[in-house]
Amino acid sequence: MRKPMIAGNWKMHLNSAEAAKLAAAIKNGLDPNLKHDVLLAPSFTNLEVVRKETASSPILLSAQNMCWEEKGAFTGEVSGSQLKDAGCDYVIIGHSERRKIFLESDEVLNKKLKAAFKFSLKAIFCIGETLEERENNQTYEILQNQLQKGLKDISAQDVENIVIAYEPVWAIGTGKTATPQQAQESHIFIRKELSKMFGEGEASKIRILYGGSVKAENIDELMSQPDIDGALVGGESLKAEKFLRVIHYQSAVNNEKIQ
Ligand code: PEP
(Lines give C-alpha, C1' and ligand atoms only; values in the text may rest on other atoms or scores of the structure.)
Protein backbone atom coordinates (compact mmCIF):
# COMPACT_ATOMS: atom_id res chain seq x y z
CA MET A 1 0.00 0.00 0.00
CA ARG A 2 1.16 3.53 -0.69
CA LYS A 3 1.68 5.80 2.28
CA PRO A 4 0.08 9.18 1.51
CA MET A 5 2.20 12.33 1.65
CA ILE A 6 1.22 15.95 2.21
CA ALA A 7 4.05 18.27 1.16
CA GLY A 8 4.30 22.02 1.61
CA ASN A 9 6.30 24.02 -0.92
CA TRP A 10 7.06 27.38 0.65
CA LYS A 11 8.69 28.71 -2.54
CA MET A 12 10.63 31.99 -2.07
CA HIS A 13 8.65 33.07 0.98
CA LEU A 14 9.44 33.73 4.67
CA ASN A 15 12.47 34.96 6.55
CA SER A 16 14.12 32.64 9.06
CA ALA A 17 12.03 33.76 12.07
CA GLU A 18 8.80 33.34 10.08
CA ALA A 19 9.88 29.93 8.79
CA ALA A 20 10.74 28.74 12.32
CA LYS A 21 7.39 29.98 13.63
CA LEU A 22 5.40 28.28 10.87
CA ALA A 23 7.34 25.01 11.19
CA ALA A 24 6.74 25.01 14.96
CA ALA A 25 3.02 25.66 14.54
CA ILE A 26 2.73 22.80 12.04
CA LYS A 27 4.74 20.46 14.23
CA ASN A 28 2.71 21.31 17.33
CA GLY A 29 -0.58 20.87 15.49
CA LEU A 30 0.15 17.38 14.16
CA ASP A 31 -2.00 14.51 15.31
CA PRO A 32 0.49 12.26 17.12
CA ASN A 33 -1.22 9.23 15.53
CA LEU A 34 -0.82 10.53 11.99
CA LYS A 35 0.23 7.66 9.76
CA HIS A 36 1.15 9.47 6.56
CA ASP A 37 4.15 11.56 5.58
CA VAL A 38 4.32 15.32 6.07
CA LEU A 39 7.07 17.25 4.32
CA LEU A 40 8.18 20.88 4.33
CA ALA A 41 10.22 22.50 1.57
CA PRO A 42 11.54 25.89 2.71
CA SER A 43 14.07 28.08 0.89
CA PHE A 44 17.72 26.98 1.12
CA THR A 45 18.41 29.71 3.69
CA ASN A 46 15.66 28.40 5.98
CA LEU A 47 16.54 24.69 5.84
CA GLU A 48 18.58 24.88 9.02
CA VAL A 49 15.93 26.61 11.18
CA VAL A 50 13.19 24.30 9.92
CA ARG A 51 15.40 21.28 10.54
CA LYS A 52 15.99 22.43 14.12
CA GLU A 53 12.31 23.20 14.75
CA THR A 54 11.14 19.84 13.42
CA ALA A 55 14.01 17.70 14.74
CA SER A 56 11.91 15.80 17.27
CA SER A 57 9.02 15.23 14.88
CA PRO A 58 8.23 12.99 11.91
CA ILE A 59 8.23 15.98 9.52
CA LEU A 60 10.44 15.39 6.48
CA LEU A 61 12.69 18.14 5.15
CA SER A 62 13.03 18.96 1.47
CA ALA A 63 14.87 21.45 -0.69
CA GLN A 64 13.12 22.99 -3.68
CA ASN A 65 15.91 22.49 -6.21
CA MET A 66 19.52 21.36 -6.57
CA CYS A 67 22.43 21.27 -8.99
CA TRP A 68 23.36 18.07 -10.82
CA GLU A 69 27.05 18.53 -10.03
CA GLU A 70 28.63 17.61 -6.70
CA LYS A 71 30.96 20.57 -6.31
CA GLY A 72 33.02 23.07 -8.23
CA ALA A 73 32.72 26.36 -10.07
CA PHE A 74 28.93 26.62 -10.21
CA THR A 75 28.29 30.00 -8.60
CA GLY A 76 24.90 30.27 -6.97
CA GLU A 77 24.15 26.55 -7.07
CA VAL A 78 23.65 24.04 -4.24
CA SER A 79 24.60 20.39 -4.56
CA GLY A 80 22.92 17.20 -3.44
CA SER A 81 25.73 16.45 -1.00
CA GLN A 82 25.28 19.91 0.56
CA LEU A 83 21.55 19.30 0.91
CA LYS A 84 22.15 15.93 2.51
CA ASP A 85 24.59 17.60 4.89
CA ALA A 86 21.94 20.22 5.71
CA GLY A 87 19.61 17.44 6.82
CA CYS A 88 17.36 17.14 3.77
CA ASP A 89 15.46 13.93 3.12
CA TYR A 90 14.00 15.06 -0.19
CA VAL A 91 14.46 17.53 -3.01
CA ILE A 92 11.81 18.83 -5.40
CA ILE A 93 12.91 18.43 -9.01
CA GLY A 94 11.22 19.90 -12.07
CA HIS A 95 8.68 22.21 -10.48
CA SER A 96 6.90 24.02 -13.32
CA GLU A 97 8.37 27.33 -12.11
CA ARG A 98 11.85 25.85 -12.60
CA ARG A 99 10.90 24.52 -16.03
CA LYS A 100 9.23 27.74 -17.19
CA ILE A 101 11.10 30.61 -15.53
CA PHE A 102 14.55 29.01 -15.29
CA LEU A 103 14.22 27.03 -18.53
CA GLU A 104 15.21 23.70 -17.02
CA SER A 105 14.96 21.02 -19.68
CA ASP A 106 13.91 17.40 -19.28
CA GLU A 107 17.55 16.43 -19.81
CA VAL A 108 18.76 18.69 -17.00
CA LEU A 109 16.03 17.39 -14.70
CA ASN A 110 17.08 13.83 -15.48
CA LYS A 111 20.65 14.70 -14.44
CA LYS A 112 19.38 16.31 -11.23
CA LEU A 113 17.34 13.23 -10.32
CA LYS A 114 20.35 10.97 -10.81
CA ALA A 115 22.50 13.30 -8.70
CA ALA A 116 19.86 13.33 -5.95
CA PHE A 117 19.93 9.53 -5.70
CA LYS A 118 23.70 9.53 -5.71
CA PHE A 119 23.58 11.53 -2.48
CA SER A 120 20.80 9.43 -0.94
CA LEU A 121 18.15 12.07 -1.35
CA LYS A 122 14.62 11.13 -2.37
CA ALA A 123 12.92 13.25 -5.00
CA ILE A 124 9.53 14.76 -5.67
CA PHE A 125 9.50 14.91 -9.46
CA CYS A 126 6.94 17.37 -10.88
CA ILE A 127 5.22 17.01 -14.21
CA GLY A 128 2.19 18.68 -15.75
CA GLU A 129 0.67 20.31 -18.79
CA THR A 130 -0.06 23.97 -19.51
CA LEU A 131 -3.57 25.25 -20.21
CA GLU A 132 -2.80 25.52 -23.91
CA GLU A 133 -1.58 21.93 -24.00
CA ARG A 134 -4.70 20.71 -22.21
CA GLU A 135 -6.95 22.64 -24.58
CA ASN A 136 -5.09 21.12 -27.53
CA ASN A 137 -5.69 17.62 -26.11
CA GLN A 138 -1.96 17.16 -25.54
CA THR A 139 -2.09 16.40 -21.82
CA TYR A 140 -1.16 12.73 -22.06
CA GLU A 141 1.49 13.34 -24.72
CA ILE A 142 3.14 15.96 -22.49
CA LEU A 143 3.00 13.77 -19.39
CA GLN A 144 4.43 10.81 -21.31
CA ASN A 145 7.25 12.91 -22.69
CA GLN A 146 8.14 14.42 -19.30
CA LEU A 147 8.15 10.97 -17.69
CA GLN A 148 10.15 9.26 -20.43
CA LYS A 149 12.80 11.97 -20.64
CA GLY A 150 12.91 12.85 -16.95
CA LEU A 151 13.16 9.24 -15.78
CA LYS A 152 15.44 8.02 -18.57
CA ASP A 153 17.94 5.39 -17.38
CA ILE A 154 16.72 5.55 -13.79
CA SER A 155 16.90 2.11 -12.24
CA ALA A 156 13.93 0.28 -10.76
CA GLN A 157 15.75 0.50 -7.44
CA ASP A 158 16.07 4.30 -7.63
CA VAL A 159 12.54 4.77 -8.83
CA GLU A 160 11.41 3.66 -5.38
CA ASN A 161 12.90 6.92 -4.14
CA ILE A 162 10.70 9.03 -6.38
CA VAL A 163 7.39 10.61 -5.59
CA ILE A 164 5.67 12.00 -8.67
CA ALA A 165 3.75 15.27 -8.35
CA TYR A 166 1.17 15.83 -11.06
CA GLU A 167 0.79 19.60 -11.19
CA PRO A 168 -1.23 20.97 -14.07
CA VAL A 169 0.50 24.30 -14.68
CA TRP A 170 -2.84 26.09 -15.15
CA ALA A 171 -3.82 25.14 -11.60
CA ILE A 172 -0.68 26.32 -9.78
CA GLY A 173 -1.25 29.49 -7.76
CA THR A 174 -4.29 30.36 -9.87
CA GLY A 175 -7.07 29.23 -7.55
CA LYS A 176 -8.22 26.86 -10.32
CA THR A 177 -8.05 23.27 -9.12
CA ALA A 178 -8.32 20.31 -11.44
CA THR A 179 -11.50 18.47 -10.60
CA PRO A 180 -10.84 15.32 -8.58
CA GLN A 181 -11.91 13.35 -11.66
CA GLN A 182 -9.48 15.22 -13.96
CA ALA A 183 -6.68 14.61 -11.50
CA GLN A 184 -7.60 10.94 -11.05
CA GLU A 185 -7.60 10.42 -14.84
CA SER A 186 -4.13 11.92 -15.17
CA HIS A 187 -2.87 9.89 -12.22
CA ILE A 188 -4.14 6.67 -13.82
CA PHE A 189 -2.37 7.61 -17.04
CA ILE A 190 0.86 8.37 -15.17
CA ARG A 191 0.72 5.05 -13.33
CA LYS A 192 0.20 3.20 -16.63
CA GLU A 193 3.23 4.92 -18.10
CA LEU A 194 5.27 4.07 -15.02
CA SER A 195 4.15 0.44 -15.41
CA LYS A 196 5.44 0.41 -18.98
CA MET A 197 8.76 1.83 -17.85
CA PHE A 198 9.35 -0.01 -14.57
CA GLY A 199 6.82 -2.85 -14.41
CA GLU A 200 3.46 -3.00 -12.73
CA GLY A 201 4.83 -4.01 -9.34
CA GLU A 202 7.13 -0.99 -9.08
CA ALA A 203 4.53 1.38 -10.53
CA SER A 204 1.94 0.33 -7.97
CA LYS A 205 4.31 1.41 -5.19
CA ILE A 206 5.10 4.90 -6.55
CA ARG A 207 3.20 7.70 -4.88
CA ILE A 208 1.57 10.25 -7.15
CA LEU A 209 0.69 13.55 -5.49
CA TYR A 210 -1.66 16.15 -6.92
CA GLY A 211 -0.62 19.81 -6.87
CA GLY A 212 -2.42 22.96 -7.97
CA SER A 213 -4.46 25.21 -5.67
CA VAL A 214 -4.98 22.52 -3.06
CA LYS A 215 -6.87 24.03 -0.14
CA ALA A 216 -8.42 23.07 3.18
CA GLU A 217 -11.74 23.15 1.32
CA ASN A 218 -10.90 20.74 -1.52
CA ILE A 219 -8.39 18.29 -0.03
CA ASP A 220 -10.95 15.76 1.22
CA GLU A 221 -12.49 15.30 -2.20
CA LEU A 222 -9.11 15.06 -3.91
CA MET A 223 -7.86 12.49 -1.41
CA SER A 224 -10.97 10.41 -1.97
CA GLN A 225 -9.67 9.47 -5.42
CA PRO A 226 -7.95 6.08 -5.36
CA ASP A 227 -4.87 7.15 -7.36
CA ILE A 228 -4.26 10.45 -5.56
CA ASP A 229 -1.71 9.56 -2.92
CA GLY A 230 -1.23 12.99 -1.44
CA ALA A 231 -0.72 16.64 -2.32
CA LEU A 232 2.01 19.14 -3.07
CA VAL A 233 0.71 22.40 -1.63
CA GLY A 234 2.00 25.92 -2.31
CA GLY A 235 0.04 28.92 -1.01
CA GLU A 236 -2.08 27.03 1.51
CA SER A 237 1.03 25.57 3.18
CA LEU A 238 2.04 29.07 4.34
CA LYS A 239 -0.95 29.30 6.71
CA ALA A 240 -0.52 26.97 9.68
CA GLU A 241 -4.17 26.40 10.46
CA LYS A 242 -5.18 25.82 6.85
CA PHE A 243 -2.23 23.56 6.12
CA LEU A 244 -2.93 21.54 9.25
CA ARG A 245 -6.45 20.95 7.95
CA VAL A 246 -4.97 19.82 4.62
CA ILE A 247 -2.60 17.47 6.47
CA HIS A 248 -5.47 16.02 8.51
CA TYR A 249 -7.69 15.42 5.49
CA GLN A 250 -10.73 13.21 5.80
CA SER A 251 -10.88 10.42 3.28
CA ALA A 252 -12.14 6.90 3.65
CA VAL A 253 -10.12 5.83 0.60
CA ASN A 254 -6.77 7.18 1.70
CA ASN A 255 -7.17 6.44 5.37
CA GLU A 256 -7.86 2.81 4.44
CA LYS A 257 -4.65 2.69 2.46
CA ILE A 258 -2.50 3.00 5.53
CA GLN A 259 -4.38 0.85 8.03
C1 PEP B 1 3.11 24.41 -5.96
O2 PEP B 1 3.83 25.33 -5.67
O3 PEP B 1 3.60 23.31 -6.25
C4 PEP B 1 1.65 24.62 -5.95
C5 PEP B 1 0.88 23.62 -6.27
O6 PEP B 1 1.20 25.86 -5.59
P7 PEP B 1 -0.31 26.25 -5.19
O8 PEP B 1 -0.78 25.23 -4.19
O9 PEP B 1 -0.20 27.62 -4.59
O10 PEP B 1 -1.14 26.21 -6.43
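Fair warning: this is a prediction, and the values are worked out from it, not measured in the lab.

A closer look at the sheet that holds strand β1 (residues 5–9)
Pairing in this closed barrel of eight strands is parallel, and the strands run β1-β2-β3-β4-β5-β6-β7-β8 around the ring. Strand after strand, the sheet turns through a mean of 25 degrees between neighbouring axes, direction not considered. Across five bridges, the pairing between strand β5 (residues 122–127) and strand β6 (residues 162–166) is parallel. Across the sheet, the residue bridging to I127 is Y166, located in β6.

Focus: the site of the ligand
In the vicinity of the ligand lie 14 residues, with K11, E167, G173, S213 and G234 positioned nearest. In this structure, G235 approaches the ligand through a main-chain N or O atom, which is 2.9 Å from an oxygen atom. Contact with the protein chains removes 95% of the 290 Å² of surface that the ligand exposes when unbound.

Here we look at helix α7 (residues 139–150)
Given a rise of 1.5 Å per residue, 12 residues ought to cover 16 Å, and the 16 Å separating the end C-alpha atoms of α7 matches this to within 8%. Residues of α7 that are buried include every one of T139, I142, L143, Q146, L147 and G150, and no others. Viewed end-on, α7 has its buried residues packed into an arc of 125 degrees, placing them on one side of the element. Structurally, α7 contributes buried residues whose contacts are with α4 (96–101), α5 (106–118), β5, α6 (131–135), β6 and α9 (180–198).

Thoughts on the packing of α5 against α7
Taken N-terminus to C-terminus, the directions of α5 and α7 make an angle of 45 degrees; their axes are 8 Å apart at the nearest point. Between α5 and α7, the interaxial angle falls into the category oblique. In this structure, the crossing between α5 and α7 has a hand that is right-handed. Contact residues: D106, E107, N110 and L113 in α5; N145, Q146, K149 and G150 in α7. Looking at side-chain class alone, the contact of α5 with α7 contains one nonpolar, four polar and three charged residues.

Considerations on the packing of aromatic side chains
By the definition in use, this model includes two aromatic pairs. Plain terms: the ring middles of Y140 and F189 are 4.3 Å apart, the flat faces sit at 5 degrees to each other, and that makes the pair stacked. Here Y140, found in helix α7, pairs with F189, found in helix α9; they are 49 residues apart in sequence, far enough to count as distant. A ring pair is formed by Y166 and Y210, whose centres lie 6.4 Å apart and whose planes are at 55 degrees; its orientation type is tilted. Highlighted residues: Y166 in strand β6 and Y210 in strand β7 (residues 208–211), separated in sequence by 44 residues. Y210 gets classed as buried once you look at its relative accessible area, which sits at 1%.

Reading guide: rules and limits
- Residues numbered from 1 in each chain as written.
- Predicted model: local features only at pLDDT ≥ 70, side-chain atom pairs only at ≥ 80, totals over all residues.
- Heavy atoms only, no water.
- Pairing = 2+ DSSP bridges.
- Helix = DSSP H or I, 4+ residues; strand = E, 2+ residues; numbered from the N terminus.
- Axes fitted to C-alpha atoms, helices over the stretch in contact; angles between N-to-C directions.
- Near = heavy atom within 4 Å.
- Polar contact = N/O pair within 3.5 Å; in protein donor to acceptor, adjacent residues only side chain to side chain.
- Areas by Shrake-Rupley, 256 points an atom, 1.4 Å probe, with all protein chains shown as cover.
- Expected span 1.5 Å × (residues − 1).
- Buried < 20%, exposed > 50% of the residue type's maximum accessible area, 1.4 Å probe, protein only.
- Arc of directions from axis to C-beta.
- Contact = heavy atoms within 4.5 Å.
- Parallel < 35°, antiparallel > 145°, perpendicular 65-115°, else oblique.
- Left-handed = near helix turned anticlockwise from the far one by under 90°.
- Nonpolar A, V, L, I, M, F, W, Y, C, P; charged D, E, K, R; others polar.
- Phe/Tyr/Trp six-rings, centres within 6.5 Å; stacked < 30°, edge-to-face > 60°.

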